[in-house]
Amino acid sequence: TMPGLPWEHVSRDMCSVVTLLTLLDASLAESVNTNEIYNEQHYERIFIFCCVWAIGGQCTPEDRLKVHDSLIELSENYPEFGEDETIYEYVVNPDDTEWQHWSGRVPSWEYPVHEEKP
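As a starting point, this report considers the structure included with it.

Reading the values: the criteria
- Residues numbered from 1 in each chain as written.
- Predicted model: local features only at pLDDT ≥ 70, side-chain atom pairs only at ≥ 80, totals over all residues.
- Heavy atoms only, no water.
- Salt bridge = Lys/Arg side-chain N within 4 Å of Asp/Glu carboxyl O.
- Helix = DSSP H or I, 4+ residues; strand = E, 2+ residues; numbered from the N terminus.
- Buried < 20%, exposed > 50% of the residue type's maximum accessible area, 1.4 Å probe, protein only.
- Phe/Tyr/Trp six-rings, centres within 6.5 Å; stacked < 30°, edge-to-face > 60°.
- Arc of directions from axis to C-beta.
- Contact = heavy atoms within 4.5 Å.

Regarding the pattern of salt bridges
- One pass over the structure, following the stated rule, counts 2 salt bridges.
- Across the pair Asp63 and Lys66 runs a salt bridge, and its minimum N-O distance is 3.4 Å. Placement of the pair is Asp63 and Lys66 together in helix 3 (residues 61-71), with a separation of 3 residues, close to one helical turn.
- For Asp63, a relative accessible area of 31% corresponds to the partly exposed category.

Overview of the packing of aromatic side chains
- Summed over the entire model, instances satisfying the criterion amount to 7 aromatic pairs.
- With 6.4 Å between their ring centres and 15 degrees between their planes, Tyr78 and Trp99 make a pair best called stacked. Of this pair, Tyr78 sits in the loop between helix 3 and strand 1 (90-92) while Trp99 sits in strand 2 (residues 99-101), and the two are 21 residues apart along the sequence. You'll find Tyr78 and Trp99 in the same group, each marked buried.

Describing helix 3
- For helix 3, the complete set of buried residues consists of Val67, His68 and Leu71. Projected down its long axis, helix 3 carries its buried residues within an arc of 100 degrees, all on one side. Every exposed residue of helix 3 that faces more than 90 degrees away from the buried side is listed here: Glu62 and Lys66.
- In the core, the buried residues of helix 3 are packed alongside helix 2 (40-56).

Digging into the environment of Gln41
- On the secondary structure map, Gln41 appears in helix 2.
- In this structure Gln41 comes out as partly exposed when scored by relative accessible area, which is 40%.
- Along the sequence, Gln41 and Tyr78 sit 37 residues apart, while their C-alpha atoms lie 10.0 Å from each other.

Any functional reading would require information beyond the geometric quantities listed.
Following this line, the structure appears as structure tokens:
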């Protein structure tokens, strides 16, 4: 028997599938709207990115490492990882279709302490 409440595993699996499809839909929406065809490697990178977050986004940090290790065995279409980096540090850049580190995508931000009101 499977542990957990009846159907708990089915619900969790179904949520992962729905999340995967939602992420794929959002990631491909612009190309669908403009009838743009990507190359095979770009589609693969988008699919990998969506799988990482649909399946592994709900994992603990230790389990995310297991997801990373399993996924990189399935393909060679990954960035060169720095020390202690995983696929979770990367996103597919929509401009050049290559992997991009999140730090290059998210602007730096500092908490505005001077605006804080107790």
